Amino acid sequence: MSEKSSSIKVLTSLFGYGVYFPARIVANSLETAEYDSEVLLVEHLFTDAKRKTFEASKTAFSKNYKLAKLATKLSIDSSNMFDRDKVETLFKRWEAAKVSEFLCFSGLWLDLLSLYSKSNPQLSVKLCRLDAGDAVTWRTNDEITIQETYSFLDLHEGNINFKPVSYTHLRAHETRH
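Rules of the game
- Residues numbered from 1 in each chain as written.
- Predicted model: local features only at pLDDT ≥ 70, side-chain atom pairs only at ≥ 80, totals over all residues.
- Heavy atoms only, no water.
- Helix = DSSP H or I, 4+ residues; strand = E, 2+ residues; numbered from the N terminus.
- Buried < 20%, exposed > 50% of the residue type's maximum accessible area, 1.4 Å probe, protein only.
- Contact = heavy atoms within 4.5 Å.
- Expected span 1.5 Å × (residues − 1).
- Arc of directions from axis to C-beta.
- Polar contact = N/O pair within 3.5 Å; in protein donor to acceptor, adjacent residues only side chain to side chain.
- Pairing = 2+ DSSP bridges.
- Axes fitted to C-alpha atoms, helices over the stretch in contact; angles between N-to-C directions.
- Phe/Tyr/Trp six-rings, centres within 6.5 Å; stacked < 30°, edge-to-face > 60°.

Chemist: Looking at this structure, how should I read the environment of Cys-104?
Modeler: Mapped onto the fold, Cys-104 is located in strand S3 (residues 101-104). Using a relative accessible area of 0% as the deciding quantity, one classes Cys-104 as buried. Remark: the alpha-carbon pair of Cys-104 and Leu-11, spanning 93 residues in sequence, is separated by 4.7 Å. If near-sequence neighbours (up to four positions away) are discounted, Cys-104 is found in contact with Leu-11, Trp-109, Leu-110, Leu-113, Lys-126, Leu-127, Cys-128 and Trp-138.

The structure is reproduced here in structure tokens:
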């Protein structure tokens, strides 16, 4: 992000607060650096049926870690996951604002970015990976180009990539929202 973008969309999920809060902190940091940013939750684009399934899964996973771990290996069919009208409205808003820069904290956004890239091929997509494993949601396809991937945990090098943040700093962000 060497040049100031018109708008950077920070794409995340509430499925695990482990991706939501870091995405929110990054967006706040971007705003502090005078970038225009917006945090978007993939769940807001779900159909009503998918949202109910999502909530039930979230509850089940919070009670059973083994189930949650197993679910990271299951293939996800996103064809019926999203409400077409909501997605179309979002894409029109992005097109009108000429949005082309994305920081993606959740692999659930990749199919939507692929769809958006069909009418907007000049996307800049950067992935922010916080998971330790290779969750199925992070599969990519040839329709979008990933400019860069930032990983919290680098298993190949055995490094944890982070910058410590004070509790006071986190509370300051929390109270602003």
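Chemist: How should I be thinking about the environment of Ser-117 in this particular structure?
Modeler: Tracing the backbone shows Ser-117 in helix H5 (residues 110-119). Judged by its relative accessible area of 8%, Ser-117 is buried. Put simply, Ser-117 and Ser-100 are 17 residues apart on the chain and 9.1 Å apart in space, counted from C-alpha to C-alpha. Leaving out residues up to four positions away in the same chain, Ser-117 has contacts with Leu-123, Glu-143 and Ile-144.

Chemist: I tried to follow helix H4 (residues 84-96) on my own but got confused; where do I start?
Modeler: Three or four residues apart is the spacing at which side chains of an α-helix point the same way, because the helix has 3.6 residues per turn. Between its terminal C-alpha atoms H4 stretches 18 Å, which fits the 18 Å expected from 13 residues at 1.5 Å a residue. Along H4, the residues that are buried comprise Val-87, Leu-90, Phe-91 and Trp-94. Seen along its axis, H4 keeps its buried residues to an arc of 100 degrees; they face one direction. Opposite the buried face of H4, by more than 90 degrees, sit the exposed residues Asp-85, Thr-89, Lys-92 and Ala-96. Packed against the buried residues of H4 are strand S1 (8-12), strand S2 (37-41), S3 and H5. If you check the start of H4, you find a side-chain oxygen 2.9 Å away from the backbone N of Asp-85, and it comes from Asp-83. Where H4 terminates, the next one or two residues include Lys-98, which has phi positive at roughly 55 degrees.

Chemist: Would you mind going over the sheet that holds strand S5 (residues 146-151) with me for this structure?
Modeler: Neighbouring strands of a sheet are bound in pairs by backbone hydrogen bonds; such pairs are parallel or else antiparallel. The parallel open sheet is built from five strands, whose spatial order is S2-S1-S3-S4-S5. Both outer strands of the open sheet, S2 and S5, are each paired with one neighbouring strand and no more. Strand-to-strand twist across the sheet, computed as the mean angle between neighbouring axes with direction ignored, equals 20 degrees. Pairing of strand S4 (residues 124-129) with S5, which is carried by five bridges, proceeds in the parallel orientation. Opposite Arg-129, over in S5, you have Ser-151 as the bridge partner. Against the sheet, H4 contacts S1, S2 and S3, and its axis sits at roughly 170 degrees relative to S2. Against the sheet, H5 contacts S1, S3 and S4, and its axis sits at roughly 165 degrees relative to S3.

Chemist: Would you take a moment to explain the packing of aromatic side chains for this structure?
Modeler: Given two aromatic rings, their pairing is described by the distance between the two centres and the angle made by the two planes. Taken as a whole and judged by the stated rule, the model has nine aromatic pairs. Aromatic side chains Trp-94 and Tyr-116 sit 4.9 Å apart centroid to centroid with 75 degrees between the ring planes, which places their arrangement in the edge-to-face category. You can see Trp-94 sitting in helix H4 and its partner Tyr-116 sitting in helix H5, a full 22 residues away along the chain. Accessibility assignment for this pair places Trp-94 and Tyr-116 in one class, buried. Taken together, the ring pairs in this structure connect Phe-91, Trp-94, Phe-102, Trp-109 and Tyr-116 into an aromatic cluster.

Chemist: Can you help me understand unusual backbone geometry in this one?
Modeler: Backbone phi values are negative for most residues with the exception of glycine, while trans is the configuration of most peptide bonds. The phi dihedral of Glu-34 falls on the positive side, at around 70 degrees, and the residue is not glycine. Checked against the element boundaries, Glu-34 lands in the loop between helix H1 (17-32) and S2. If you check the backbone angles, Lys-98 has positive phi at about 55 degrees while not being a glycine. One can find Lys-98 in the loop between H4 and S3. The exposure class assigned to Lys-98 is exposed, which follows from its relative accessible area of 66%.

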